[in-house]
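# Coordinate analysis (summary)
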Amino acid sequence: MMTTLTENVFSVGVQDWDRRLFDELIPLPHGTSYNAYLIKGSEKTALIDTVDPAKTGMLMDHLVRRGADKIDYIISNHAEQDHSGSIPDVLLMYPDAKVVTNPKCKSMLMDLLHMDADAFIEVKDGQTLSLGNKTLQFFYTPWVHWPETMCTWLQEDRILFSCDFFGSHQASGFLYVQDEHKVLEAAKRYYGEIMMPFRNSIRGNLKKLEPLQIKTIAPSHGPVYDRPALILDAYRNWVDEDKHKNEVIIAYVSMHGSTRGMVEYFVDALIERGVGVKQINLITVDLGELVIDLVDAATVIVAAPTVLVGAHPAAIYCAALLGALRPKTRFAGIIGSYGWGSKMVEQITGLLGNLKLELFDPVLAKGLAAEETFSALDGLADKILAKHRQLRLV
Ligand code: FEO
């Protein structure tokens, strides 16, 4: 893999082709990478971020191969261990190096890695650090996706080292983006899974970075963007509260086919009305796929049967995920079937409590759906069409 971004700026990170789960929660269908960058200035050398501790050996190999006989500064953009975990080992190999970061990140690194306070140089928002003929500038960009996150700007080469911000979980044999569609899908999944709840902060961060004439975005996961507009425009759309797709996501689970029958009828009803729809089986789906759709769908419907009198656990998990990720979804509804009683609506709406959305009246059938249930589903499809029209999506 080509590893030179520009003169004396090198990618020294590691591809993790086999990793399939992050935080024991997030599926990684295409693996991931932990990108780190070595910048050799005329006077000082800096390493931007490190790698997951499981891959420390490979980072060390890459540093040796790059002829990094000294490192003066280890820039830590983010304290999470997939980027900071190798810092103690890098410090063992380069004992004169100092860790450069903001005070919040320093405090978190001291908690997470048990590092000493004197290992650090603290930098303020906007502060610069000279490497001789290259200058680093630090921009605090909090909540992408932790409170301490920052970006490092290499002024002369106009490269933004953004860490998780703009990243995508995928291993790649290429330094730069090859297939824009594929990278955007991975970046959207990544945004949905960890960035989406912090849209307000991200909007502010995007604005803050606007004055920079960015030539290259080098994140710490996934390929480097040599066309920054690709990911900047995508982020602007994703965080825009007024930009939605004419799409209804129906996240469903069915035990004996009653809920499935309602879902299939409802899907046809929406299609007939010109409303986009996606039917997602909660039992078999990779939840990352669901999250991608939640980033901009206008409407979400949770469809489930009851287990005893509560919603099926898969539907509860889905509702909890919605409540945690707080998508910009405008409308939501609940449909399903029950045997002898149901607390499904109270349970699911309780979990959606902190979402600013309009909830449609639920459509529930006792047992197998009959004629009145199907007409209620038609009524719900009509309401969704009207709402999507109000948003000028149809
Ligand atoms: Fe890639 Fe938040 O760590």
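What you see is a predicted model, and the numbers here were worked out from it, not measured in a lab.

## What to know about the overall build of the protein
Each helix and strand counted, the protein has 12 helices and 23 strands in total. Relative to its 394 residues, the protein shows a buried fraction of 57%. Once local pairs closer than 6 in sequence are excluded, the contacts in the protein between residues at least 24 apart make up 73%. Accessible surface computed for the protein: about 16,400 Å², of which carbon and sulfur atoms make up 51%.

## Things to note about the domain arrangement of the protein
When its domains are assigned, the protein resolves into domain 1 (4-239) and domain 2 (245-385). Summarising the inter-unit geometry, the C-alpha centres of domain 1 and domain 2 are found 38 Å apart. The interface of domain 1 with domain 2 comprises 15 residues on the first partner and 16 residues on the second. Here domain 1 and domain 2 share an interface that buries about 1,300 Å² over both sides, 57% of which is from carbon and sulfur atoms. Ranking the residues of domain 1 by area buried against domain 2 places K188, R189 and M196 at the top, with a combined share of 41%. The interface formed by domain 1 and domain 2 contains three salt bridges.

## With respect to the side chain of D293
Locating D293 in the fold gives a position in helix 9 (residues 287-294). By relative accessible area, which is 6% here, D293 ends up buried. Side chain to side chain, D293 and K278 meet in a polar contact 3.0 Å long.

## Here we look at the side chain of T306
Mapped onto the secondary structure, T306 falls in strand 19 (residues 297-307). Residue T306 is classed as buried on the basis of its relative accessible area, which comes to 10%. Setting aside anything within four residues of it in sequence, one finds T306 in contact with M255, A311, H312, S337, Y338, G339, G341, S342 and M344.

## Considerations on the sheet that holds strand 11 (residues 120-122)
The sheet built from seven strands is open, its strands ordered 1-2-7-8-9-10-11 with mixed pairing. Among the strands making up the open sheet, the edge pair consists of strand 1 (4-6) and strand 11. On average, adjacent strands in this sheet sit at an angle of 25° to one another, irrespective of strand direction. Relative to strand 7 (residues 37-40), strand 2 (residues 9-11) is paired through three bridges, and the arrangement is antiparallel. Bridge pairing in strand 7 places V9 opposite I39.

## Thoughts on unusual backbone geometry
Glycine aside, residues mostly have negative phi angles, and peptide bonds mostly take the trans form. Residue H145 is reached from V144 by a cis peptide bond, and omega for that bond is 15°. With respect to the helices and strands, H145 occurs in the loop between strand 13 (135-140) and strand 14 (150-154). Its identity as a non-glycine residue notwithstanding, R158 has a phi of 55°, on the positive side. The topology assignment puts R158 in the loop between strand 14 and strand 15 (159-163). Here R158 falls in the partly exposed class, since its relative accessible area comes to 36%.

## Remarks on the sheet that holds strand 12 (residues 128-130)
Across the sheet, five strands lie side by side as 12-13-14-15-16; this open sheet has mixed pairing. Each having just a single partner strand, strand 12 and strand 16 (216-219) make up the two edges of the open sheet. In this sheet, adjacent strand axes meet at a mean angle of 25° when their direction is disregarded. As judged from the five bridges shared by strand 13 and strand 14, these two strands associate in the antiparallel manner. Pairing of Y140 across the sheet is with M150, part of strand 14.

## Focus: helix 6 (residues 199-209)
Along helix 6, the residues that are buried comprise R199, I202, N205, L206 and L209. Down the axis, helix 6 shows its buried residues gathered within 115° of arc, on one side only. Exposed residues on helix 6 whose side chains face more than 90 degrees from its buried face are N200 and K207. Buried residues along helix 6 sit against strand 13, strand 15, helix 5 (180-195) and helix 7 (229-239).

## With respect to the nonpolar core
By size, the foremost hydrophobic cluster in this structure holds 58 residues, and its most contacted members are F166 and Y235. Looking at which domains feed residues into this core, each of domain 1 (4-239) and domain 2 (245-385) supplies at least three. Here Y235 is in contact with F165, F166, G167, Y191, M195, I202 and L206, once residues within four sequence places are set aside. Formed by 29 residues, the second largest nonpolar core is a distinct cluster that contains F10, L63, L91 and F120.

## Details of the packing of aromatic side chains
For the coordinates displayed, the defined rule picks out 10 aromatic pairs. For the pair F165 and F166, a centre-to-centre distance of 3.9 Å together with 15° between the ring planes defines the contact as stacked. Summarising the burial analysis for this pair, F165 and F166 share the class buried. An aromatic cluster is present here, built from F165, F166, Y191, Y235 and W238 joined pairwise through their rings.

## Points about the packing of helix 5 against helix 7
Two elements in contact, helix 5 and helix 7, have axes separated by 11 Å at closest approach and are oriented at 40°. Here helix 5 is positioned oblique relative to helix 7, judged by the angle of their axes. The way helix 5 lies across helix 7 gives a crossing that is right-handed. Contacts from E180, L184, A187, K188, Y191 and M195 in helix 5 reach L230, I231, A234, Y235, W238 and V239 in helix 7. Tallied by class, the residues present in the contact of helix 5 with helix 7 amount to 10 nonpolar, no polar and two charged.

Reading guide: rules and limits
Residues numbered from 1 in each chain as written. Predicted model: local features only at pLDDT ≥ 70, side-chain atom pairs only at ≥ 80, totals over all residues. Heavy atoms only, no water. Helix = DSSP H or I, 4+ residues; strand = E, 2+ residues; numbered from the N terminus. Buried < 20%, exposed > 50% of the residue type's maximum accessible area, 1.4 Å probe, protein only. Contact = heavy atoms within 4.5 Å. Areas by Shrake-Rupley, 256 points an atom, 1.4 Å probe, with all protein chains shown as cover. Domains from an automatic or database assignment. Buried area = accessible area lost by both parts, 1.4 Å probe. Salt bridge = Lys/Arg side-chain N within 4 Å of Asp/Glu carboxyl O. Polar contact = N/O pair within 3.5 Å; in protein donor to acceptor, adjacent residues only side chain to side chain. Pairing = 2+ DSSP bridges. Axes fitted to C-alpha atoms, helices over the stretch in contact; angles between N-to-C directions. Arc of directions from axis to C-beta. Core = buried A, V, L, I, M, F, W, Y, C linked by side-chain atoms within 4.5 Å. Phe/Tyr/Trp six-rings, centres within 6.5 Å; stacked < 30°, edge-to-face > 60°. Parallel < 35°, antiparallel > 145°, perpendicular 65-115°, else oblique. Left-handed = near helix turned anticlockwise from the far one by under 90°. Nonpolar A, V, L, I, M, F, W, Y, C, P; charged D, E, K, R; others polar.

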